[in-house]
Amino acid sequence: MKVLVLGATSPIARLLAVKFASIGAHLYIAARDDGEASRIADDIKVRAGVPAIAGKFDAADFASHTELISRATSELGGLDGVVLCFGTLGDEDKAQIDPAEALATIHQNFTGAVSLLTIAAHQLEAQGTGFILVIGSVAGDRGRKSNYVYGSAKGALHLFVQGLRARLSKTKIHVMTVILGVVDTRMTWGREGARFTVPPERAAELIFEAWRKKRDVVYVPSFWRPIMAVVRAIPERIFKHASF
């Protein structure tokens, strides 16, 4: 199995890469920080004894995405799956008043993913098999006043992947959306919702289990599914006055 991991320097991405390596997958570890990507690839090679190649990519550099997919495929000797883990909370306060900051958040969380997934999906569709695993967020389930720029990007990503899954449903390509809750990482440290936080090790374990079961959409951890069902059910006239 040949797997491209995008955004590989996040804790969950690293742990997922190790899990795929544990079942013999050959990996292309891609991240904006290519030095860190190289360290992760070296660690995986030592731990699992499988080929792991490092590469650099920028989600917002759309013109480079075709070459990235081509390079990963060439160096791996094929491509069977894509794990998309990148994203950033950005500066939400600034994004709500500065269009440039808002667009930067959108590009890092949505449009960059659309570009890469469109290219990868076309390639996988041509060969008829493979998988796509995309990490989203519970923030995308409803627009909240505190993080609606980030949330809108994740919500759009969920819809895009849902449509992609429907389009590829008659093929042997598995497309899975992970709607991730609050995970204990540097990106979420010090933010609200700590009582619902799970360690990245547990999150990666649940994601990998769901992938092996070929789930379409999975909330991680699962308790977020009923929580967000309640949140979505709150009438707008009430929800718009909520403090969160």
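Residues numbered from 1 in each chain as written. Predicted model: local features only at pLDDT ≥ 70, side-chain atom pairs only at ≥ 80, totals over all residues. Heavy atoms only, no water.

Trainee: Is there a simple way to explain unusual backbone geometry in this structure?
Mentor: For the bond from V220 to P221, the omega torsion is -10°, close enough to zero to count as cis. Summarising the element assignment, P221 is placed in the loop between β7 (217-220) and α8 (224-233). With phi around 60°, K214 is a residue other than glycine that occupies positive phi space. A relative accessible area of 57% means that K214 is categorised as exposed. (Helix = DSSP H or I, 4+ residues; strand = E, 2+ residues; numbered from the N terminus. Buried < 20%, exposed > 50% of the residue type's maximum accessible area, 1.4 Å probe, protein only.)

Trainee: Help me understand helix α7 (residues 200-212) in this model?
Mentor: Three- or four-residue spacings in an α-helix give side chains the same orientation, since the helix completes a turn every 3.6 residues. For α7, which comprises 13 residues, the first-to-last C-alpha distance of 18 Å matches the rise-based estimate of 18 Å (1.5 Å per residue) to within 8%. Three or more residues of α7 are buried, namely P200, A203, A204, L206, I207, F208, A210 and W211. Residues of α7 that are buried make contact with α1 (11-22), β5 (129-137), β6 (172-180) and β7. K214, located one to two residues past α7, shows a positive phi value of around 60°. (Expected span 1.5 Å × (residues − 1). Contact = heavy atoms within 4.5 Å.)

Trainee: Explain the packing of aromatic side chains to me, please; I cannot follow it from the model alone.
Mentor: Geometrically, a pair of aromatic rings is defined through the distance of the ring centres and the angle of the planes. Taken as a whole, this structure holds 7 aromatic pairs when the rule is applied. Both rings, one in F20 and one in W211, keep their centres 4.7 Å apart while their planes meet at 70°; by these two values the pair is edge-to-face. Remark: W211 occurs in helix α7 and F20 occurs in helix α1; sequence separation between them is 191 residues. Residue classification places F20 among the buried positions, given a relative accessible area of 0%. These aromatic residues form a ring-pair network of at least three members: F20, F131, F208 and W211. (Phe/Tyr/Trp six-rings, centres within 6.5 Å; stacked < 30°, edge-to-face > 60°.)

Trainee: What is the right way to look at the packing of helix α5 (residues 99-127) against helix α6 (residues 148-167) in this model?
Mentor: Helices that pack against each other are described as a pair by the angle of their axes relative to one another and the distance between those axes. At a minimum axis distance of 8 Å, the contact between α5 and α6 shows a crossing angle of 10°. Put simply, α5 runs roughly parallel to α6. Seen from above, α5 lies across α6 with right-handed handedness. Residues A102, T105, I106, N109, F110, A113, V114, L117, T118, A121 and E125 of α5 touch α6, and the partners they reach there are V149, Y150, S152, A153, K154, A156, L157, F160, V161, L164 and R167. Split by residue class, the contact of α5 with α6 holds 15 nonpolar, 4 polar and 3 charged. (Axes fitted to C-alpha atoms, helices over the stretch in contact; angles between N-to-C directions. Parallel < 35°, antiparallel > 145°, perpendicular 65-115°, else oblique. Left-handed = near helix turned anticlockwise from the far one by under 90°. Nonpolar A, V, L, I, M, F, W, Y, C, P; charged D, E, K, R; others polar.)

Trainee: Help me understand the sheet that holds strand β4 (residues 81-84) in this model?
Mentor: Within a beta sheet, neighbouring strands are joined by backbone hydrogen bonds and run either parallel or antiparallel to one another. On the basis of which strands lie adjacent, the open sheet formed by 7 strands has the order β3-β2-β1-β4-β5-β6-β7 and parallel pairing. The open sheet has two edge strands with one neighbour each: β3 (52-56) and β7. Neighbour-to-neighbour, the strand axes of this sheet turn through a mean angle of 15°, independent of strand direction. One ladder, built from 4 bridges, connects β6 with β7; its direction is parallel. Paired with L180 across the bridge in β7 is V220. Its contacts with the sheet put helix α3 (residues 65-76) on β1 (2-6), β2 (26-31) and β3, and the angle it makes with β2 is roughly 150°. Docked against the sheet, α5 engages β1, β4, β5 and β6, running at close to 160° with respect to β5. (Pairing = 2+ DSSP bridges.)

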